[in-house]
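Notes for the structure review
Now for the letters of each chain:
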Amino acid sequence: MGPHPAVAAIRLAVRRVLHDLLTEYHRAPAAVTHAPSHEPPPPPLVLVACSGGADSMALASALAFESPKLGIRAGGITVDHGLQPGSDTRATEVVQRLRELGLDPVDSVAVTVGRTGGPEAAARDARYAALDTAAERHGATAVLLGHTRDDQAETVLLGLARGSGIRSLSGMAAVSGADGRYRRPFLELDRQTARKACMVQSLPVWDDPHNADPAYTRSRLRHEGLPALEKALGKGVVEALARTAQLSRDDADALDSWAGQAEATVRDAAGLLECAKLYALPPAVRRRVLRRAAIAAGAPAGSLFARHIEEVDRLITGWRGQGAINLPGKVVAQRQGGRLVIRQG
């Protein structure tokens, strides 16, 4: 008799990602894998980011089960954000659970959460910084994240509410980060599958009270917004939003590629952007070229919103002699003699 369907589903999802990682790992040059060319590379290390919640505990259990069969070393890391009383004790408990699964190495990292971008964004930034540091310290090939299809649907709706364009509707990528460090095996699985897998394996889980706190936007969306949509539109909203994310990502990737190719054609011999040539581009491509130029000049990508690019775009499409546009990162965009100059102010 095989494993419970929920357990089989999470293991299959992780197995597929591990196979992809192995293929990429063995294709890498010896210099990348830190092995002499005449010796086989050492087994890769894959870490799982685990909060102790159902999604990440299910992910950790599947990684612990699948990795030995593929010759992959598996470890874990939990991040203590310090935002709740007893968070350090909880992190210690998570470390113990991961070790009981057979993962090694296992780390607990305490971080200080700032205020930039609001509490949710600040916690996310601190968490990813800690995960990046841990991956580099251990020489990990990848870090697995437990985001599910439900998380993807919430991310799409949050992007829709911001009105930031098709890229914000593309949700979370299955592969992201520097050199594809972050992998999300569960984006096609729902949250209930992960929770069921924990239950049938008798894995203890921790339910973060912040996930039910209406002070947080994602929590309100999860407990009020999505249920209201399903009541009004019927079941299948989460699946439809997840499909929207993938379709939007495909379109956004294609447009980004087009913009990358177009950028070289709209610059003069001095490297300045020519307004007439920019005007001739389709709006979606032109705005991507402008965004790329602003980031290259020093504007932080995370602080550069659609409204900023729209203002710069009006220097091309609605030129009435207006002055310079101030962008995040002390970057200034200004039209001068038929050229668009984007530079540090």
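Before any of the text, the structure's been laid out above.
Each chain carries its own residue numbering, running from 1 in the written order of its sequence. Where local features are concerned, this predicted model is filtered to residues with pLDDT of at least 70; where side-chain atom pairs are given and counted, the filter is 80 or more; whole-chain, interface and lining totals use all residues. In computing side-chain properties, one takes all heavy atoms of the structure into account and sets aside hydrogens as well as water.

**Structural notes on the overall build of the chain**
We count it as follows: A run of H or I in DSSP becomes a helix once it reaches four residues, and a run of E becomes a strand once it reaches two; helices and strands are each numbered from the N terminus. Using a 1.4 Å probe, accessible areas were evaluated by the Shrake-Rupley method; residue-level cover was limited to the displayed protein chains. Neither His nor the chain ends contribute to the count of charged residues, in which Lys and Arg are positive and Asp and Glu negative. Charged groups are reduced to one reference atom each: NZ for lysine, CZ for arginine, CG for aspartic acid, CD for glutamic acid.
Each helix and strand in the chain was counted, giving 13 helices and 10 strands. For the chain, the exposed area adds up to about 17,700 Å²; of that, 54% sits on carbon and sulfur atoms. Of the charged side chains in the chain, 43 are positive and 37 negative, and the gap between their average positions amounts to 5 Å.

**Digging into the sheet that holds strand β3 (residues 106-110)**
The criterion, for reference: A pair of strands is treated as paired once DSSP finds two or more bridges between them. Pairs of residues are marked as contacts when any of their non-hydrogen atoms sit within 4.5 Å. Angles here are taken between N-to-C directions and fall from 0 to 180 degrees, while the axes themselves are lines fitted to C-alpha atoms, restricted in helices to the stretch in contact.
Within the open sheet, the six strands sit side by side as β3-β2-β1-β4-β6-β5. Their pairing is mixed. Two strands in the sheet have a free side with no partner beyond their single neighbour: β3 and β5 (175-176). In this structure, strand β1 (residues 45-49) lies alongside strand β2 (residues 73-80), joined through five bridges in parallel fashion. The residue of β2 that forms the bridge with L45 is R73. Contacts from helix α5 (residues 119-138) reach β1, β2, β3, β4 (142-144) and β6 (182-183) within the one sheet, and its direction differs from that of β2 by about 145°.

**A closer look at helix α4 (residues 87-100)**
Selection rule: Here the expected length of a helix is defined as 1.5 Å per residue gap, with one fewer gap than residues. Working definition: with a 1.4 Å probe on protein chains only, accessible area under 20% of the residue-type maximum means buried, over 50% means exposed, and in between means partly exposed. Taking the helix axis as origin, the arc is that swept by the directions to the C-beta atoms.
The first and last C-alpha atoms of α4 sit 20 Å apart over 14 residues, in line with the 20 Å expected at 1.5 Å per residue. Along α4, the residues that are buried comprise S87, R90, A91, V94, V95, R97 and L98. Considered in projection along α4, the buried side chains sweep an arc of 165° and stay on one side of the axis. More than 90 degrees from the buried face of α4, the exposed residues found are T92 and E100. Those residues of α4 that are buried lie in contact with α3 (54-70), β2 and β3. Once α4 ends, the next one or two residues include G102, with phi positive near 100°.

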